[in-house]
Every structure is written in C-alpha cells, then in structure tokens.
Amino acid sequence: MTAPMLELRHLSKIYGQDEARVFALDDVSLSVDKGEFVAVMGPSGSGKSTAMNILGCLDTPTSGQYLLYGTDVTGLDRDQRALLRRHFLGFIFQGFNLLPRTTALENVELPLIYQGVPASERRLRAAEALAKVGLEGRADHRPSELSGGQQQRVAIARAIVTRPGLILADEPTGNLDTARSREIMELLAQLNRDEGLTVLMVTHEADMAAYAHRIVTFLDGRIHSDQKNEAIHAA
Amino acid sequence: MLLEALRLALNTVFRNKLRSFLTVLGIVIGVASVIAMVTVGQGSTAQVQSDVASLGSNLLMLRPGEAGRGPGGSSADAPPLTLQDLTALTRDIPDIVQAAPVAAKLQSVVAGEMNHSVMVTGTDNAYFDIRGWTLAYGRPFSEGELRTGAPVCILGTTTSADLLGQGNPVGTTIRVGKISCDVIGLLAKREASTFGQDDNDTVVIPLRAMQRRILGKSDMQSISITFREGARAEDVTAQIQSLMRERRHITANMNDDFNVFDMKQISSMLTGITGVLTGLLSAVAAISLLVGGIGIMNIMLVSVTERTREIGIRMAVGATEMQVLMQFLVEAIVLSLIGGAIGILVGLGLGAVGSYALNIGFVPDYRLILASFAFSAVVGVVFGFFPARRAARLDPIEALRHQ
Ligand SMILES: Nc1ncnc2c1ncn2[C@@H]1O[C@H](COP(=O)(O)OP(=O)(O)OP(=O)(O)O)[C@@H](O)[C@H]1O
Ligand SMILES: [Mg+2]
C-alpha cells in the first residue's frame with residue numbers, strides 16, 4: 001500500500017504558556033490520500049487555520065508528526081519548508097493575497113520565478129494556468145481592475161501553475177457572494193477531478209463543503225467528525 | 001535570480017519616483033560634494049604645481065626681514081637690500097647663475113583714453129632670463145637706461161593689448177603713475193598664470209627708474225636668484241645666508257634679518273593647504289553620506305513594513321530567507337547607486353563650474369568617480385542590510401495576516 005499523501009500523527013499546537021495556554025490543536029491525527037477533496041469545517045477558533053498552516057508548512061507543530069508523501073517534515077527548518085511550499089504546495093487565501101500593482105499574469109508567474117523557470121516558459125505556463133481558470137482575456141489586468149471572483153481565480157491559477165500535488169485553501173469563498181462562490185467551488189472540483197489535485201479546503205458554508213468528497217469537522221482543536229460526503233457518493 | 005531581484009528593484013524604485021528621489025537625496029548630496037570638492041581641490045593643486053613650474057626651476061628669492069610663512073614675510077624694520085648685495089651674491093657664490101633686483105608697485109598706467117591698473121616691476125635685464133621671459137618685439141634695457149633710470153618700459157601682451165590694442169607697441173609712449181614712459185619692448189605671450197593672476201599683465205621698467213621716479217627711495221623688495229643646474233637649493237641657500245649674515249653684520253647670537261625662499265616650497269605648502277582643506281571637506285561629505293545611508297535605511301524599513309503582506313505572499317509561494325533578503329538588499333543598493341550616479345553627475349557639474357570660477361583646470365578623476373560609485377554601493381549594502389534582514393526574518397503567517 002502506498003503512503004497517504006499527507007498524514008498527521010498526534011499533532012498538537014499550543015499557543016501561550018502556563019495559565020494562558022491554548023491548545024489550538026490537541027492530539028490531531030488525520031490522513032489524506034492523493035486525489036481527495038476534503039472540506040474542513042468547524043466553529044470559529046476550533047483550529048482549522050492552525051491545521052492548514054501546519055499542513056502548508058508555514059508553521060510547525062508543538063508536538064506530533066507531519067508526514068508529507070510519507071516523509072516526516074516536522075523537523076525541517078524555514079528554508080527547507082520554503083522549498084517544500086515552492087515545489088509541492090499551492091495556497092489559496094480568503095483575502096486572495098495577490099500582489100497589487102502587478103498584472104494577473106505576473107502574479108501567476110511569481111511561484112515560477114522562485115522555481116527558477118526561464119522567463120519565456122514562465123509566461124507560457126502562467127498564461128496556460130490563467131486559461132484553465134477562464135481568465136485568458138485578463139492577463140494584463142491588475143488586481144484592482146478585477147472583480148473578487150476574478151481575483152480569486154487568479155490566485156487559483158497561481159496555486160496550480162507549479163503543478164503542485166496539494167492545494168490548501170483557507171476559506172477561499174469567504175469574501176465572495178454565493179454565485180461567485182459556486183463558480184470557485186466548481187473550478188476547484190474540476191481541477192480535483194481533471195488534474196488529480198488533492199484539495200484541502202476550510203469553509204463555514206455547508207453549501208460549499210458539499211462539493212467535497214469528505215468533510216472533517218474540528219471542535220476545540222480536535223477532530224470532531226470525519227465523514228464521507230453522502231450527497232456526492234450517493235450521486 | 002539576482003537578475004529577477006534587480007528587475008524587481010528597478011520596478012519598485014521607478015514606480016515611486018518622487019519617493020525614491022527623496023530617499024537618495026542624501027547620497028546625491030554626499031557624493032556630489034565629495035566629487036565637487038576633490039575635483040576642485042585636485043584642480044587647484046595641479047594649478048599650483050604648474051604655476052610653480054612656470055616660475056622657473058632653481059629659483060630662490062632673497063628678501064629683507066625674518067623668515068615668514070610665505071613669500072610675503074615681514075620686512076618692516078630690517079635694513080633694505082642693496083645693489084652691492086646683488087653684486088656680491090653673483091661674485092662670491094659661484095653656484096649662483098644670475099640675480100635680479102625686484103622692486104614692484106601697483107600703478108595705474110594710461111594710454112590715451114585707456115586706463116589700467118597693473119603691477120609695475122623695477123629690475124634689470126637678468127630678470128627676463130630668471131623669469132623665463134623672451135621679447136616678441138623691441139629690445140631689452142640698455143646699459144645707459146639702467147644706469148640713469150631712464151623712463152622706458154617693456155610691456156606684457158595683456159597690458160599692451162588693453163592699452164594700445166593688438167600689435168607692436170614699440171615706439172609709443174604711455175604714462176606709468178606720474179611719469180611718461182617710452183615703450184621699448186613687448187614680452188612674448190606666455191600661457192601661464194601665477195596663482196590666478198595673468199602673467200602677461202605686467203610692466204617692467206629699469207630698477208633705477210622705479211626707485212627714483214615712482215618709489216622715491218632706493219629700496220628693493222627682493223632679489224631673485226637662479227642657481228646652477230645640479231646644485232642643491234639647500235646648499236645655495238646656506239651660502240647665501242652666510243654671505244648675507246656677514247654683509248649685514250649679524251653676530252652668532254642674532255637671528256637672520258633676511259630670508260631666502262625656495263619657490264618650490266610654495267608648491268608643497270599650497271599642496272599641503274589644499275590637502276588639509278580637501279580632507280576637512282571630505283569629512284563633511286562623509287557625514288552627509290552617512291546621513292544619506294540612514295535615509296535609505298529609514299525608507300527601506302518603511303517599505304518593509306508597507307510590503308509585509310507582499311513578503312508573506314512571496315514566502316508562501318516558496319521564497320527562501322536569502323531570496324527575500326536579496327530582494328530588499330538589491331533594492332537598497334539600486335537606490336544608493338542611482339543616488340551615487342546622480343551625485344557624480346551633479347558633483348562633476350559643480351566641479352566644472354567651481355574650476356571655471358576659480359580659473360583653474362577641470363581635472364575629473366576617474367578613480368574618484370569609480371570610488372564614489374563603489375562607496376555608494378557599500379552604503380546601500382550597509383544600510384540596506386538591516387531592513388532586508390528584518391524582511392527575511394518575518395514569519396510568513398504573521399506577514400500574510402498583515403493589513
Ligand atoms: N498566533 C497565535 N497566538 C495565540 N493564539 C493563537 C494564534 N493563532 C491562533 N491562535 C488561537 O488558536 C485557536 C485556533 O485558531 P484558528 O485560527 O486555527 O481558528 P479557526 O478555526 O481558523 O477559526 P476561524 O474559523 O475564525 O478562522 C484560537 O483559539 C486562536 O485564538
Ligand atoms: Mg481560520
């Protein structure tokens with residue numbers, strides 16, 4: 001049996017000290033296979049973002065292990081984690097997090113710059129990624145000239161341009177209206193289906209979680225429930 | 001990657017032109033003042049050296065009075081030099097080739113409507129050899145003219161042109177002070193100015209004429225002496241000193257009441273002064289460079305804060321600490337190099353204007369320009385490092401959350 005794409009083993013994240021200690025994550029174990037589309041739900045403060053940050057190698061746990069592609073990445077230093085993000089991970093944020101005063105195309109090129117891809121190939125691949133999210137015509141627009149939904153699609157293009165195995169999305173539709181949110185979800189679902197991307201997505205909305213195959217619910221830093229999405233599996 | 005950092009830095013710098021310009025202003029002022037001051041300083045040093053060279057080599061000047069600091073020492077109470085001293089010098093010291101008396105005074109000279117104020121020198125024919133003058137027209141003074149102090153004069157080209165227009169002035173008569181003088185010669189034009197004064201603006205008359213008709217006393221201010229090629233200035237000076245002590249009856253426990261000045265000393269003296277000035281001004285300039293560097297650091301710190309989220313994004317997509325550090329460091333270096341380049345241009349401009357105003361040669365020194373450029377880069381590295389490191393050390397999660 002091949003190793004799962006990612007695996008958390010008895011993972012804890014503690015903020016503060018002594019009296020003020022907060023268990024943002026408390027003995028979390030979780031395993032996600034390649035090609036899954038997982039929705040992470042739970043009330044505010046339940047540790048969803050903390051988990052996503054650790055999964056995204058942006059943060060390190062206080063204790064426990066994180067295995068990515070079967071390799072323990074818990075003890076890696078900042079630069080090693082940067083390299084992991086560069087080559088294996090894609091991020092989508094609630095606030096889009098595009099570089100202002102920079103065109104959509106240049107935003108999408110950004111991760112390729114750090115991969116050292118030559119400029120001409122960079123442009124080609126960035127344009128390709130923009131096409132995949134349906135923004136062929138907007139390559140030269142700056143974020144301020146794009147709608148929220150379009151900005152988030154640029155961010156998705158940026159996340160997939162390096163062809164990462166894993167996409168981490170923390171409330172990607174949090175700033176969008178329902179119609180725009182559905183478009184984004186459909187895009188993610190399609191990328192998951194057609195490109196085999198593994199997607200982990202935090203959301204507060206059941207409607208959006210419904211696009212996922214599996215729904216993990218956090219409560220007080222622990223995994224409260226972990227279920228297959230019946231609706232999808234029934235279909 | 002470095003190329004990307006450079007492209008990015010240029011974009012950032014040019015996106016905010018006014019702010020970038022204000023940021024580098026300190027560097028501009030620092031570099032410009034260094035370049036301008038050193039350029040003018042070197043120009044004047046070169047000028048002094050060429051002036052001294054134009055005075056002629058192996059030239060000594062004997063004057064009454066104790067040794068002062070420069071060619072204008074005190075001669076107040078000392079007994080004047082005499083023609084007998086002059087004769088004794090050439091007779092008794094074999095190393096001395098020629099000696100000429102000099103008595104000079106500023107006089108107004110008039111020809112027709114034209115009026116001109118000029119230094120008039122009373123001397124003899126040896127003066128022309130000693131000072132390296134040749135005659136373009138006419139003749140030197142005759143024995144009789146020298147002996148009787150006849151009212152005749154030889155003009156420099158500038159004086160002649162100002163009073164009488166271009167051409168040969170021999171045969172005309174001009175007024176020098178209160179006396180009427182026949183012009184008997186014109187000095188050949190010399191492409192030199194001594195310490196900012198035009199050498200060619202001069203009137204030379206017999207010493208006697210100067211003493212009797214203009215000064216009204218038989219004084220001379222100095223004796224110009226040339227010595228044999230190969231003799232050492234110190235040795236000749238010592239011989240002159242012992243001869244003059246004897247002639248002026250100075251006993252062993254008394255100081256000289258005259259002094260011998262080696263014209264070459266002017267060179268080292270003025271070069272020294274210029275050097276001190278250049279050093280002082282450069283210190284001021286170094287301080288302004290320091291201030292300029294702090295200005296860059298300040299703006300870079302602001303920039304890091306403003307761009308915290310951008311830094312977070314870059315880190316999220318895989319920028320290493322080193323890459324973020326390089327990005328901001330390169331930006332600081334680009335800023336300071338732009339400042340340095342502008343400063344070099346402004347400094348050369350000011351240096352050219354200054355050299356022109358002081359009437360000295362404009363000698364831009366490419367080593368100085370390279371050094372300024374390199375120094376600007378160093379300022380960028382030194383003052384850019386701290387902000388850049390701060391950017392590189394940011395926590396990506398905090399940075400992404402930054403508003
Ligand atoms: N940097 C921090 N310092 C201290 N406590 C923190 C920090 N980050 C998160 N926490 C705490 O950890 C807990 C989990 O926070 P987290 O951001 O993971 O919640 P969340 O599930 O993402 O909530 P939301 O749905 O509101 O985004 C919270 O109690 C929070 O206060
Ligand atoms: Mg959250």
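Residues numbered from 1 in each chain as written. Chains lettered and ligands numbered in written order. Predicted model: local features only at pLDDT ≥ 70, side-chain atom pairs only at ≥ 80, totals over all residues. Heavy atoms only, no water.

A.B. asks: Outline the overall build of chain B, listing residues and values.
C.D. replies: Per the secondary structure count, chain B includes 13 helices and twelve strands. Rg of the C-alpha trace for chain B: 32 Å, well past the compact-globule value of 22 Å for 403 residues, more than 25% over. With the C-alpha coordinates of chain B rotated into their principal frame, the extents come out at 105 × 55 × 35 Å. Out of the 403 residues belonging to chain B, those deemed buried represent 51%. Counting contacts in chain B only where the partners sit at least 6 residues apart, residues at least 24 apart contribute 78% of the total. Here chain B contributes 33 positively and 33 negatively charged side chains, and the mean placements of these two sets differ by 6 Å. (Helix = DSSP H or I, 4+ residues; strand = E, 2+ residues; numbered from the N terminus. Rg over C-alpha atoms; globule rule 2.2 N^0.38 Å. Buried < 20%, exposed > 50% of the residue type's maximum accessible area, 1.4 Å probe, protein only. Contact = heavy atoms within 4.5 Å. Lys, Arg positive; Asp, Glu negative; His and termini not counted. Charge placed at Lys NZ, Arg CZ, Asp CG, Glu CD.)

A.B. asks: Explain the interface of chain B and chain A residue by residue, including any values.
C.D. replies: Size of an interface, as often reported, equals the accessible area lost when the parts are brought together. Across the boundary between the two partners, chain B contributes 24 residues, which contact 22 residues of chain A. Between chain B and chain A, the buried area comes to about 2,100 Å², and carbon and sulfur atoms account for 55% of it. When the buried area of chain B at its contact with chain A is split by residue, B:Ile313, B:Val317 and B:Ile397 rank highest and sum to 26% of it. Across the chain B-chain A interface, the total number found is two salt bridges. Counting the contacts that link chain B with chain A gives ten residue pairs in polar contact (both at pLDDT 80 or more). (Buried area = accessible area lost by both parts, 1.4 Å probe. Salt bridge = Lys/Arg side-chain N within 4 Å of Asp/Glu carboxyl O. Polar contact = N/O pair within 3.5 Å; in protein donor to acceptor, adjacent residues only side chain to side chain.)

A.B. asks: Before we move on, can you summarise the sheet that holds strand 8 (residues 198–202) of chain A with the specific residues and values?
C.D. replies: Residue and element names in this part refer to chain A. Across the sheet, six strands lie side by side as 6-7-8-3-9-10; this open sheet has mixed pairing. Of all the strands in the sheet, the pair left with one neighbour each is strand 6 (89–92) and strand 10 (222–228). If you compare each strand with its neighbour and ignore which way they point, the axes differ by 15° on average. Strand direction decides the pairing type here: strand 7 (residues 166–170) and strand 8, joined by five bridges, are parallel. Paired with aspartate 170 across the bridge in strand 8 is valine 202. (Pairing = 2+ DSSP bridges. Axes fitted to C-alpha atoms, helices over the stretch in contact; angles between N-to-C directions.)

A.B. asks: Which residues make up the environment of A:Arg123, and what values do they have?
C.D. replies: Along the chain, A:Arg123 falls in helix 4 (residues 119–132). Not counting residues up to four positions away in its chain, the partners in contact with A:Arg123 are A:Leu105 and A:Glu109.

A.B. asks: Tell me about unusual backbone geometry, residues and numbers included.
C.D. replies: Its identity as a non-glycine residue notwithstanding, A:His10 has a phi of 45°, on the positive side. In this structure, A:His10 sits in strand 1 (residues 6–15). Here the phi dihedral of B:His249 falls at roughly 55°; this positive angle occurs in a residue that is not glycine.

A.B. asks: Tell me what's going on with the pattern of salt bridges, and back it up with residues and numbers.
C.D. replies: Inspection of every chain in the model, using the stated rule, returns 31 salt bridges over all chains. The closest approach of N and O atoms between B:Asp257 and B:Arg248, which form a salt bridge, is 2.8 Å. The burial state of B:Asp257 is the same as that of B:Arg248; both residues are buried. Taken together, the salt bridges that share partners define one network made up of A:Glu109, A:Arg122, A:Arg123, B:Glu4 and B:Arg7.

A.B. asks: Lay out the site of ligand 1 with the relevant residues and their values.
C.D. replies: All names here are of chain A. Close to ligand 1 lie 13 residues, the nearest being Ser44, Gly45, Lys48, Ser49 and Thr50. At 2.5 Å from an oxygen atom of ligand 1 is found a side-chain nitrogen or oxygen belonging to serine 44. Interatomic distance of 2.5 Å between a side-chain N/O atom of threonine 50 and an oxygen atom of ligand 1. A total of 630 Å² of accessible area belongs to ligand 1 in isolation, and the protein chains cover 64% of it. Considering each element in turn, the shell around ligand 1 owes the most residues, three residues, to helix 1 (residues 48–55). Its residues placed into classes, the shell around ligand 1 shows four nonpolar, seven polar and two charged. (Near = heavy atom within 4 Å. Areas by Shrake-Rupley, 256 points an atom, 1.4 Å probe, with all protein chains shown as cover. Nonpolar A, V, L, I, M, F, W, Y, C, P; charged D, E, K, R; others polar.)

A.B. asks: Explain the sheet that holds strand 2 (residues 22–32) of chain A residue by residue, including any values.
C.D. replies: All names here are of chain A. If you walk across this open sheet you meet the four strands as 2-1-4-5, and the pairing is antiparallel. Both outer strands of the open sheet, strand 2 and strand 5 (71–72), are each paired with one neighbouring strand and no more. Across two bridges, strand 4 (residues 63–68) lies against strand 5 in antiparallel orientation. Pairing of leucine 68 across the sheet is with threonine 71, part of strand 5. Contacts from helix 1 reach strand 1, strand 2 and strand 4, with the element oriented near 125° to strand 1.

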